[in-house]
Amino acid sequence: MRSPSSTPQHHRLRSSPRKSPITTPTTTKQIKTATIIKSLFLSILILLVYFLLRINLQLIQRLGENNNQYENVATIRAKAVGRNNDNNKLLRGVNSIEGSQSTTTMTSIEENDNTKEQELLQNRLVTLRNEVTTMQKKVDDMKTKMEHVRNIQRSSGASAVLGSGTGSGVQSSIKTTNNKQELNRHTCTPNQQTLQSARLQKRFSEWWSHSACPDQVWMDHIDTLFHDATNSIATSSSQKQPQQQQPYLVLDIGCNKGYTSADFLDALSPGTNMNPHTLVTAIRAIAKEDNTKFDRDGGVCNDSKKALNEDRATVRDVEVHCFEPSPATFDMLQRAHGKLMPQDNNGDGDGGGAKWIIHNKGMHNKNGEMAWHSACAHAVGDELCTIVDEGTSDAITVPVVTVDTFLEETYPASKPSELPLVHMLKIDAEGLDPAVLQGAMKVLTENRAIMVMFEFNPGLSEKGDHPHGMWGKRGNPRVTLLDVTEWLDSLG
């Protein structure tokens, strides 16, 4: 759960009742059928290519035979000339006349034959070219059909790994009245889209593996977006009595040194004075107290140098939950919290409208405990702090929980089916982002998340020394970005 500052993939979710993920026999049958179809198409494609090669070979052989004929004619002509030179002088004149007439006749016949042969070859060549064109079109059609089959298989594979939005088990907890709570779709302005696209392209040219560290244009005035979305929920609510507006809720999963938490606290409640600038000061003070220096203490993307919110006075009700599985990093964050927000008491006190709650746990698609790399125990912000196989030497045990379970236990609602509104679900799970999303199934299907962002970093699974994560060619299990976005679309 590393790389504290990475570029999100944003996905706006609409309200649509869905069920919990279950892999059905129909899904398995679809996969088998798609595999058979793919094998059939591959066989046909191989036969077509073989037929095309045979046609080209015949054309080459025919052209070779024609060249041999030209060589034989030249040989006969040379022999005839040699015999004429051996005739005696008395008959030279007669033989010369007869030889000239014979040669003229032979040349005329040869020219006629050659012309006809060339015409036949030219017609054959045109025919072959037409056949090749037709074959190419068939091959292109086959490629299109095979790509369609691969899309079906990819969709089936994504459903098997991530879960389907059309299973069973969730529908009973979703409101089915005509007054469904729905969020308005918020999109970036054309200017924001242009700026964000340019900064992403710049980042890709600097770092091929993923799009980490571009400026996040969409965070400008994000408080307005959250306010509008919250009001749209309140307006569409079927309850007659007005409810007290809940605080802006941010889940910072993969908190690392806390710079994403600081970004959102500065954007939503700048008067709290918890921001990247004050955070780096606290982190360096802690390192000095311990007579050490933390690696990249200003953030992987130089987060501590980001420009701050121009509004320095506004204070709002905000709750930022920071999830960090590394005990060493968790201890550092707790000490930083004590220096920056002592009145908050880690969420239990009055933090002037803003709270920063730090949890020493990981987020996954199941609840329980899992083995983590030994680097989590002693190194602050170490990129190796990831989930490892059970039984790994020197591994430590850290509790894990799903997003849905955490919200149900932390925010018990008056109605069991109602989860709190999550204004930002940020996930940086060191390649396990799809698993964390899977653990937020209820939040996603019930449309209780205004914004979702997660890291896409396929390079993590291709590291030679410590490959990990679900993205990339060696993902375990492998999941593509298209798998995730199509799965999110299927949830509504």
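1. Focus: the overall build of the protein chain
- Tallying secondary structure elements over the protein chain gives twelve helices and eight strands in all.
- A total of 492 residues make up the protein chain; the buried ones form 43% of that total.
- Sequence-distant contacts in the protein chain: of pairs separated by 6 or more residues, those separated by 24 or more amount to 78%.
- Summed over all atoms, the accessible surface of the protein chain reaches about 26100 Å², with 52% contributed by carbon and sulfur.

2. Some remarks on the sheet that holds strand β4 (residues 362-363)
- If you walk across this open sheet you meet the three strands as β4-β6-β5, and the pairing is mixed. Taken across any chain shown, the strands that pair with only one partner, and hence form the sheet edges, are β4 and β5 (368-372).
- Alignment of β5 against strand β6 (residues 396-401), held across five bridges, turns out to be antiparallel. Counted as the bridge partner of Ala371 is Thr397 from β6.

3. As for the sheet that holds strand β3 (residues 354-359)
- Spatial strand order, β3-β2-β1-β7-β8: five strands in an open sheet with parallel pairing. Looking at the sheet topology across the chains shown, the edges are occupied by β3 and β8 (449-454). Strand-to-strand, the axes of this sheet are offset by a mean angle of 10°, without reference to chain direction.
- Relative to strand β7 (residues 422-427), strand β1 (residues 248-253) runs parallel, the two being bridged by four bridges. Paired with Asp252 across the strands is Lys426, a residue of β7.
- Against the sheet, helix α7 (residues 327-340) makes contact with β2 (318-323) and β3, and its axis sits at roughly 160° relative to β3, the strand it touches most.

4. Examining the environment of Gly254
- Examined against the element boundaries, Gly254 turns out to sit in the loop between β1 and α5 (259-268).
- Once the C-alpha coordinates of Gly254 and Ala429 are considered, the two residues, 175 residues apart in sequence, prove to be 5.4 Å apart.

5. Let's talk about the packing of aromatic side chains
- Enumeration over the complete set of coordinates arrives at four aromatic pairs.
- Seen from their ring centres, Phe323 and Phe406 are 4.8 Å apart, and the 85° between their planes marks the pair as edge-to-face. Remark: Phe406 occurs in helix α9 (residues 403-410) and Phe323 occurs in strand β2; sequence separation between them is 83 residues.
- The exposure class of Phe406 is buried, given its relative accessible area of 5%.
- Arranged with centres 6.2 Å apart and planes meeting at 15°, the rings of Phe454 and Trp471 form a pair that is stacked. Here Phe454, found in strand β8, pairs with Trp471, found in the loop between β8 and α12 (481-491); they are 17 residues apart in sequence, far enough to count as distant.
- According to the relative accessible area criterion, Phe454 is buried, its value standing at 1%.
- Following the ring pairs from residue to residue traces out a cluster consisting of Phe454, Phe456 and Trp471.

Rules behind the numbers
- Residues numbered from 1 in each chain as written.
- Predicted model: local features only at pLDDT ≥ 70, side-chain atom pairs only at ≥ 80, totals over all residues.
- Heavy atoms only, no water.
- Helix = DSSP H or I, 4+ residues; strand = E, 2+ residues; numbered from the N terminus.
- Buried < 20%, exposed > 50% of the residue type's maximum accessible area, 1.4 Å probe, protein only.
- Contact = heavy atoms within 4.5 Å.
- Areas by Shrake-Rupley, 256 points an atom, 1.4 Å probe, with all protein chains shown as cover.
- Pairing = 2+ DSSP bridges.
- Axes fitted to C-alpha atoms, helices over the stretch in contact; angles between N-to-C directions.
- Phe/Tyr/Trp six-rings, centres within 6.5 Å; stacked < 30°, edge-to-face > 60°.

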